[in-house]
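The residues making up each chain are set out below.
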There are 2 protein chains.
Amino acid sequence: MEQVTLKSIASELGISITTASKALKNYPDVSPKTRKAVIDLARKLNYIPNSFAVNLRTKESKVIGLIIPEIVHYFFSNVVNAIIEYAEKKGYLIITLQSNESDKLEEKQIELLLNKRVDGILISLSNNRKDLSPIHKIVESGTPLVLFDKISKLINCSKVIINDRDAAYAATEHLINTGCKDIAHFRGPLNPQNSIDRFLGYKKALEDSKLHFDKSLVYTCEKVSFEEGYNFAKELHQSNKKVDAIFAITDLVAIGAITYFNEANVKIPEDISIIGFSNWFMASVISPSLSSVDQPGYEMGKKAIKLLLKEIKAIKKGKKIKHKTIVLPTNVIKRSSTRD
Amino acid sequence: MEQVTLKSIASELGISITTASKALKNYPDVSPKTRKAVIDLARKLNYIPNSFAVNLRTKESKVIGLIIPEIVHYFFSNVVNAIIEYAEKKGYLIITLQSNESDKLEEKQIELLLNKRVDGILISLSNNRKDLSPIHKIVESGTPLVLFDKISKLINCSKVIINDRDAAYAATEHLINTGCKDIAHFRGPLNPQNSIDRFLGYKKALEDSKLHFDKSLVYTCEKVSFEEGYNFAKELHQSNKKVDAIFAITDLVAIGAITYFNEANVKIPEDISIIGFSNWFMASVISPSLSSVDQPGYEMGKKAIKLLLKEIKAIKKGKKIKHKTIVLPTNVIKRSSTRD
DNA sequence: ATTTATACCGAAATCGTTTTCGGTAAAATC
DNA sequence: GATTTTACCGAAAACGATTTCGGTATAAAT
C-alpha cells in the first residue's frame with residue numbers, strides 16, 4: 001500500500017514538491033498547465049494530504065475535545081448530537097470522553113486531550129469536582145475552553161448554562177398558580193450545584209408566595225432514578241402528609257411518581273399535581289402527560305461549540321477574546337399532570 | 001506561550017536532542033545521571049511530546065473513527081458508551097460522527113475519517129445504504145474496519161451483530177407458548193435489513209407453529225415512534241379484528257400501544273399480550289412492565305472495539321488477520337405484558 | 001539594445017520527534 | 001601495554017507538507 005505524497009506526484013511529473021503543493025493550494029504563481037497536470041494526477045492517484053504532516057506544520061488538529069459525565073442520558077446525548085453536527089459543518093471533528101462523574105477520570109481525560117493538542121475543549125463538569133486546578137491548567141495551556149451546563153464560575157472562560165434556580169422557581173410557581181399549596185420536592189443529591197440551585201428555586205418560590213416551607217416534604221434522590229420517584233411517592237402517600245403537588249428534580253423521577261400514583265389510583269392532577277424537569281421526550285408520551293421545564297440540550301450544545309469555534313478563530317488571528325456567559329431561557333411546558 | 005520541546009530541554013541541559021528523547025523513552029544507552037536530569041527538567045517545564053510530530057513519525061494517530069446513524073438513541077448511546085470506555089483504557093480516542101440515516105452524509109464522513117488517517121473505523125450503516133463502494137474504499141485503503149448492528153454481509157471485514165431473525169422468532173414464540181394465537185406485528189420500515197429480519201422471524205415462528213399468517217395484521221411503522229404504536233393499537237382495537245398479541249419492532253412502539261390500551265381499558269396481558277424489542281430501560285419501568293428481547297448495546301460496542309483494536313495490533317505486527325463475525329446472543333425478557 | 005516587469009518555478013528551512021548508526025572515552029581483559 | 005569490551009553520547013536522516021525567498025526565463029517598456 002504505497003502512500004501517495006506530494007513527493008511522488010512531483011517526481012512523476014518532473015516538477016518540484018513546492019510546485020505540486022502550490023498547484024493544489026491555488027497559489028497564483030503556477031501555470032494553468034502544470035496546475036491542471038498536478039490536480040489531475042492527484043485525483044487519479046487518489047492523493048490524500050497527510051494530516052499528520054499538515055497538523056505539525058500548521059499547529060492545529062481541527063479536532064475538539066468534549067468531556068461529559070455520561071453519554072447515556074437523553075439530555076447529554078442531545079448536547080453531543082448538536083456539537084458533533086455543528087462542528088462537522090465547520091470542519092472540526094469531535095473526540096468525546098465520559099467522566100462517569102469521577103473527578104479522577106476527568107483529570108486524566110483533560111490530560112489526554114491536552115496531550116492530543118486538540119484545538120479546543122468543551123466540558124460539562126462532574127458532580128464531584130472540588131479541585132479546579134486541572135481546569136485552570138487548560139486555560140493556562142492556552143487551549144480555548146467552554147464550560148456548559150455543569151460549570152464553575154471560578155474558571156475564567158466562556159460558559160453556556162441555564163438558570164436552574166429560576167427554572168425551578170418557575171416550575172414551583174406554576175404549581176402555586178394552579179392552586180397547589182402543599183408542595184413536596186424530590187430533589188437531587190446534596191453536592192451538585194444544579195441540584196442545589198433547583199432546590200433553592202423551589203424554596204424561594206414558596207417563600208415569595210408566603211407558603212410554608214416544610215423540610216419534611218423534601219426527599220433526596222441520590223441516584224435520580226425512576227425507582228426513587230416511585231418509592232418516595234409511595235412513602236409520601238402512605239405517610240398521610242397533606243400534599244397536593246410534587247416538583248421532581250427530573251422527568252424520570254417524576255414518571256416514577258406518576259407510575260406509583262396511577263397504580264394507587266391517586267388522580268393526577270386532581271389529587272396531586274406533578275411537574276418534572278428537563279422535558280424528556282417521554283414526558284409528552286406517558287399518561288397523564290407530564291408538565292416539565294425544558295432544558296434545551298441541543299441548543300446548549302450548539303451555543304457551546306459555536307462559542308468555542310469563535311474563540312479558536314479569534315486566537316488564531318491574534319485577537320483578544322472576551323469570555324461570554326450565555327444563559328439559555330427555559331420554559332414551563334404545561335401538560336396534563338398539573339391543573340389549568 | 002513558548003512551546004517546550006525536546007530541543008529546548010536538550011539545549012538547556014547542554015545535551016543532544018537524541019539523548020533527551022532517549023532518556024524519556026527508557027533507552028538503555030543513557031546514563032542514570034543524564035536520564036534523571038532530563039526527566040526532572042521535563043517535568044519541571046511540563047513537557048508534552050508534540051503528538052503531531054509523533055503521529056507523523058510513527059504513522060499512527062491512536063484515534064478511532066465511529067459512525068452511527070444517531071447518537072440520541074438509547075441503544076446507540078450505549079454502544080458509544082462502551083466503545084469510548086474500552087478504547088480509552090487501551091490508549092485510543094474516539095471521533096464520533098452521525099450519518100442521520102443519510103448515505104450521502106455517511107460517505108462524506110468516511111472521507112473525513114480517511115483523511116484524518118484514523119487507525120481504524122467502526123460503522124453501523126445507515127438504512128439507505130445501497131452503494132457499497134464507499135465502504136469498500138475503507139477496506140482498500142488498508143484501514144481496519146469493523147461493522148456492527150447494521151451491517152452488510154458483502155463487505156470483507158469483521159462484524160458484530162445479533163441475529164434479528166432468531167430474536168424476533170423467539171419473541172413471537174414466547175407469545176405463542178403463552179397461549180396467543182392471533183398475533184399482530186408492528187414492523188419497521190420496509191428497507192432496513194433489521195426490520196426485514198424481524199418481520200421474517202415473526203412470520204417463520206407463526207408458520208412453524210401452524211398459525212395463520214395474516215397480512216392485515218402487519219402494520220408498518222415508518223418512523224418507529226411512540227405515536228405510531230399508539231395509533232396502530234387504536235386502529236387495531238377499533239377494527240374489531242381478532243387479535244390477542246402484538247410483537248412490536250421496538251419498545252418505544254410497544255409502549256405507545258400499551259399507553260393506548262391502558263387508556264382504552266383493555267387489560268394487558270389478559271386481553272392482549274405485548275412484547276417489544278431492545279429491552280430499553282423504560283420497559284421495566286412502565287406499567288405493566290414490558291416483555292422484550294434484549295439487544296445488548298453495551299456488549300456489542302465492546303466486542304466491536306475489541307475486535308478492531310485486535311486487528312490494528314495484528315496489522316502493525318505484519319500478521320495476517322482473519323475477519324470474524326460475532327453473533328451476540330439475545331434473550332426474551334419476560335415481564336408483565338405477556339402471560340406466564 | 002537596455003531596462004523593467006511579469007510569469008513560473010524550486011531550493012531549502014521548518015514543524016518536533018524517532019531511530020539508526022557511528023563514534024569516543026573509560027573500564028575490563030589478556 | 002595492547003586489545004577488547006562496555007557505557008554513553010550525538011549527527012543526521014527520516015516522516016510529509018508548507019512557505020519564504022530568490023532565481024531564471026520571457027515579454028513589455030523605454
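Just so it is clear, the structure is predicted and the values come from calculations on it, not from any experiment.

Novice: I tried to follow the relation of the copies chain A and chain B on my own but got confused; where do I start?
Specialist: Here the second copy of the chain follows from the first by a rotation about an axis and a shift along it. Between chain A and chain B, the superposition needs a rotation of 180° and an axial shift of 0.0 Å, giving an RMSD of 0.0 Å. Here the two chains are linked by the operation of a two-fold rotation axis. Among all residues of chain A, the one whose C-alpha sits closest to the rotation axis is I95 of chain A, at a distance of 2.3 Å. Interface residue correspondence from chain A to chain B reaches 100%, placing this contact among same-surface, isologous pairings.

Novice: For this particular structure, what's the right way to read the nonpolar core?
Specialist: Nonpolar side chains in soluble globular proteins tend to be buried together. Counting 134 residues, the largest nonpolar core has L122 and F148 of chain A together with L122 and F148 of chain B as the members making the most contacts within it. When near neighbours in sequence (up to four residues on either side) are disregarded, L122 of chain B contacts I64, G65, L66, I67, I83, V146, F148, A304, I305 and L308 of chain B. In this structure, C221 and L236 of chain A together with Y260 and I268 of chain B belong to the second largest nonpolar core, which totals 64 residues.

Novice: Help me understand the environment of R335 of chain A in this model?
Specialist: All names here are of chain A. Among the secondary structure elements, R335 is positioned in the segment after β12 (332-333). Overall, the relative accessible area of 21% leaves R335 in the partly exposed class. Each C-alpha atom, one on R335 and one on S292, is 7.8 Å from the other, the two residues being 43 residues apart in sequence. Setting aside its immediate chain neighbours within four residues, R335 contacts N279, A283, S284, S289, L290, S291 and S292. A polar contact is formed between the side chain of R335 and the backbone oxygen of L290, at a distance of 2.8 Å.

Novice: When you look at the side chain of S273 of chain B in this model, what are you seeing that I'm missing?
Specialist: Residue and element names in this part refer to chain B. Topologically, S273 is positioned in strand β9 (residues 273-275). Residue S273 is classed as buried on the basis of its relative accessible area of 0%. Beyond its immediate chain neighbours, meaning those up to four positions away, S273 contacts L175, C180, D244, A245, I246, S337, T338 and R339.

Novice: Explain the pattern of salt bridges here, please?
Specialist: Should the charged atoms of two oppositely charged side chains come close, the side chains can pair. Residue and element names in this part refer to chain A. Tallied over the entire structure, the rule returns 24 salt bridges over all chains. A salt bridge links K22 to D29, with the nearest nitrogen and oxygen atoms 3.0 Å apart. For the salt bridge of E111 with K137, the shortest nitrogen-to-oxygen distance reads 3.5 Å. Remark: K137 occurs in helix α7 (residues 133-141) and E111 occurs in helix α6 (residues 103-116); sequence separation between them is 26 residues. Among the residues examined, K137 registers a relative accessible area of 31% and is labelled partly exposed. Here the salt bridges share partners, and the residues they tie into one network are K104, E106, E107 and R129.

Novice: What should I look at first to understand the pairing of strand β5 (residues 158-162) of chain A in this one?
Specialist: Looking along a regular strand, one sees side chains alternate from face to face of the sheet. Residue and element names in this part refer to chain A. Counting buried positions over the 5 residues of β5 gives 5, a clear majority of the element. Burial along β5 is two-sided: the face carrying S158, V160 and I162 and the face carrying K159 and I161 are both buried. The pairing of strand β4 (residues 145-148) with β5 spans 3 bridges and is classified as parallel. Looking at β5, one finds that V146 is bridged to S158. Where β5 and strand β11 (residues 325-328) come together, 4 bridges link them in parallel fashion. Counterpart to K159 in the pairing with β11 is T325.

The rules we used
- Residues numbered from 1 in each chain as written.
- Chains lettered and ligands numbered in written order.
- Predicted model: local features only at pLDDT ≥ 70, side-chain atom pairs only at ≥ 80, totals over all residues.
- Heavy atoms only, no water.
- Least-squares fit on C-alpha atoms with pLDDT ≥ 70 in both.
- Contact = heavy atoms within 4.5 Å.
- Core = buried A, V, L, I, M, F, W, Y, C linked by side-chain atoms within 4.5 Å.
- Buried < 20%, exposed > 50% of the residue type's maximum accessible area, 1.4 Å probe, protein only.
- Helix = DSSP H or I, 4+ residues; strand = E, 2+ residues; numbered from the N terminus.
- Polar contact = N/O pair within 3.5 Å; in protein donor to acceptor, adjacent residues only side chain to side chain.
- Salt bridge = Lys/Arg side-chain N within 4 Å of Asp/Glu carboxyl O.
- Pairing = 2+ DSSP bridges.

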